[in-house]
Every structure is written in C-alpha cells, then in structure tokens.
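# A look at the structure
Take a look at the letters that make up each chain.
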Amino acid sequence: MTELPQIILTKVEKKDISEIVDLVNFAYHGTDTKKGWTSEGHLLKGLRLDANELLEIISAQNSIVLGVKNNLKWQGVVHLKNQVDRAWLGMLTVDPHIQAKGLGKNLLTAAETWVQDNWQISKIEMRVFSLRTELLEFYFRRGYQLTGETQDFVSTNPLKEVPHRPNLKFSVLEKTL
C-alpha cells in the first residue's frame, strides 16, 4: 500500500466563504459531478450549502472548517465540531475534478489527527445517506463502523435542498481513533 503524502490543513475564514460554498455545492449537487464520490445529485436538488450557513458554521464555538489548498485554490474541506466526548465530522468535500487520487483519504486522516492533537478527543461520529453504499464502504475501509442509529433527513431549508425521493435516512458511523 502506497503511503499518501502528508497535507497541511488551513482554517477556512470569512474571506474564503464564496469559494468554499462554490466547491461544496459543485461537489455535492453539481450537474456534471454525478460520478463523484460526494455527489448527492441523485438524492437531492438545490444547494448543499449557502454563504450564511457557512458563516454560521465557521463562527460557531467548538466548530472549525479546515481544508487543503493548491496554488491558492481550495481542493478539499472538512467540517469538525467538538461535542465534548466526541467530534462530529461532516462536509468532507474534494473537488470532483481531482477525486480518486487519494486527497479524500488524506484529508480524512489529517482531520482525525487534528481532532486528536487539538481537542484530545478519541472518537469521531458522522452521518452518511444510507443509500450511499459506495460512500459507506469508503468509510468502513477507513475504520468507521455503523452505530445502528439512523436519522431522518430533514431539510433545514426546503427551498434550498429538495429530496428526489421520500424518506431519506442517514446512517450514523463512528470511529475510535
């Protein structure tokens, strides 16, 4: 197995909001990204994230969005939230043009290390759409396990994210670091 190069995480700031919102929406719901790992276009239409939401996320206490840049362009990001006994990981995003080259694995590993080093937390939790079997398999290969808990998808803004099918559910995964 080839070891991936170490990446340097950069904290997303207010000045980065527009670029990050574009990256996340393109990766998750972009019309020409259906083949991408993070694409949810077959499950939802609309925006995954807007500027106000991202501002709220990066301004919140115990919440941080970290990413990796190349030539001053954001290539991937991840949202982490300190929940005292565990960290919550979400919005893991890699530019679809460069997916399948190891950046997602590398970004996930760097985020896990960041949680341990900065918050001294040894457990991470996340949610993945239950229908996204290939994405669930990706996380299983990285040591995440199903908790047995599921959560209904509830849009925080039905004008922004509209499901293509009813009764979407998330599977809750966790990993002990």
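Structure's up top.
Residues take numbers from 1 onward in each chain, read along the sequence in its written order. Reporting in this predicted model follows two pLDDT cut-offs: at least 70 for local features of residues, and 80 or more for side-chain atom pairs to be given and counted; totals over whole chains, interfaces and linings ignore these cut-offs and use all residues. Here the side-chain values reflect all heavy atoms present in the structure, with hydrogen atoms and water set aside.

It is worth spelling out the overall build of the chain at this point. Helices and strands together make up the secondary structure of the chain, namely four helices and nine strands. Sequence-ordered secondary structure for the chain, helices as α and strands as β, is β-α-β-α-β-β-β-α-β-α-β-β-β. Going through the 177 residues of the chain one by one, you find that 48% of them count as buried. A separation threshold of at least 6 residues defines the contact pool for the chain, and within that pool the share at least 24 residues apart is 67%. Using the Shrake-Rupley algorithm and a 1.4 Å probe, accessible areas are obtained, with residue cover drawn only from the displayed protein chains. Taken as a whole, the chain presents about 9900 Å² of accessible surface, with 50% of it coming from carbon and sulfur. Starting at the N terminus, helices and strands are each numbered in turn, a helix being any DSSP run of H or I of at least four residues and a strand any DSSP run of E of at least two. With a 1.4 Å probe rolled over the protein chains alone, any residue whose accessible area is under 20% of its type maximum counts as buried; one over 50% counts as exposed, and the rest are partly exposed. By definition, residues are in contact when any of their heavy atoms lie within 4.5 Å.

Glancing now at unusual backbone geometry. Even without being a glycine, leucine 72 presents a positive backbone phi close to 70°. The topology assignment puts leucine 72 in the loop between strand S3 (63-70) and strand S4 (73-82). At valine 84, a residue that is not glycine, the phi angle is positive and equals roughly 70°.

Below, the discussion takes up the pairing of strand S5 (residues 87-94). In terms of burial, S5 is largely enclosed, as seven of its eight residues are buried. What sits between S4 and S5 in their antiparallel hairpin is a turn of four residues, with valine 84 showing a positive phi close to 70°. Strand pairing is assigned whenever DSSP detects at least two bridges linking the two strands. As defined by bridge partners, S5 adjoins strand S6 (residues 123-129) across two bridges and the pair is classed as parallel. Bridging from a neighbouring strand, tryptophan 88 pairs with glutamate 125 of S6.

Take the side chain of serine 171 next. Here serine 171 is to be found in strand S9 (residues 169-176). Definition of a polar contact: a pair of N or O atoms within 3.5 Å, with one able to donate and the other able to accept a hydrogen when the atoms are protein atoms, and with sequence-neighbouring residues admitted only if both atoms are side-chain atoms. Among the polar contacts listed, one links the side chain of serine 171 to the side chain of serine 130, at a separation of 2.9 Å. Leaving out residues up to four positions away in the same chain, serine 171 has contacts with Met126, Arg127, Val128, Ser130, Leu136, Leu146 and Glu149.

The next subject is the side chain of asparagine 25. With respect to the secondary-structure elements, asparagine 25 resides in helix H1 (residues 17-29). A distance of 2.7 Å separates a polar side-chain atom of asparagine 25 from the backbone oxygen of leucine 49.

For the rest of this paragraph, the subject is helix H4 (residues 133-141). For H4, the full list of buried residues reads Leu135, Leu136, Phe138 and Tyr139. The buried residues of H4 occupy one face: seen down the axis, they fall within an arc of 155°. Here the buried face of H4 lies against S5, helix H3 (103-119), S6 and S9. Here, the arc refers to the directions that run from the helix axis to the C-beta atoms.

Once that is clear, we can look at the nonpolar core. Definition of nonpolar core: a set of buried residues of the types Ala, Val, Leu, Ile, Met, Phe, Trp, Tyr and Cys, connected through side-chain atoms within 4.5 Å. Val78, Leu80, Leu89, Val115, Trp119, Tyr139 and Tyr144 are the most contacted members of the largest nonpolar core, which has 28 residues in total. Breaking this core down by element, the ones donating at least two residues are S3, S4, S5, H3, S6 and H4. Of the residues forming this core, the biggest block, eight residues, is contributed by H3. If we ignore the near neighbours within four places in the chain, the residues touching tyrosine 139 are Leu92, Leu108, Met126, Val128, Tyr144 and Leu173.

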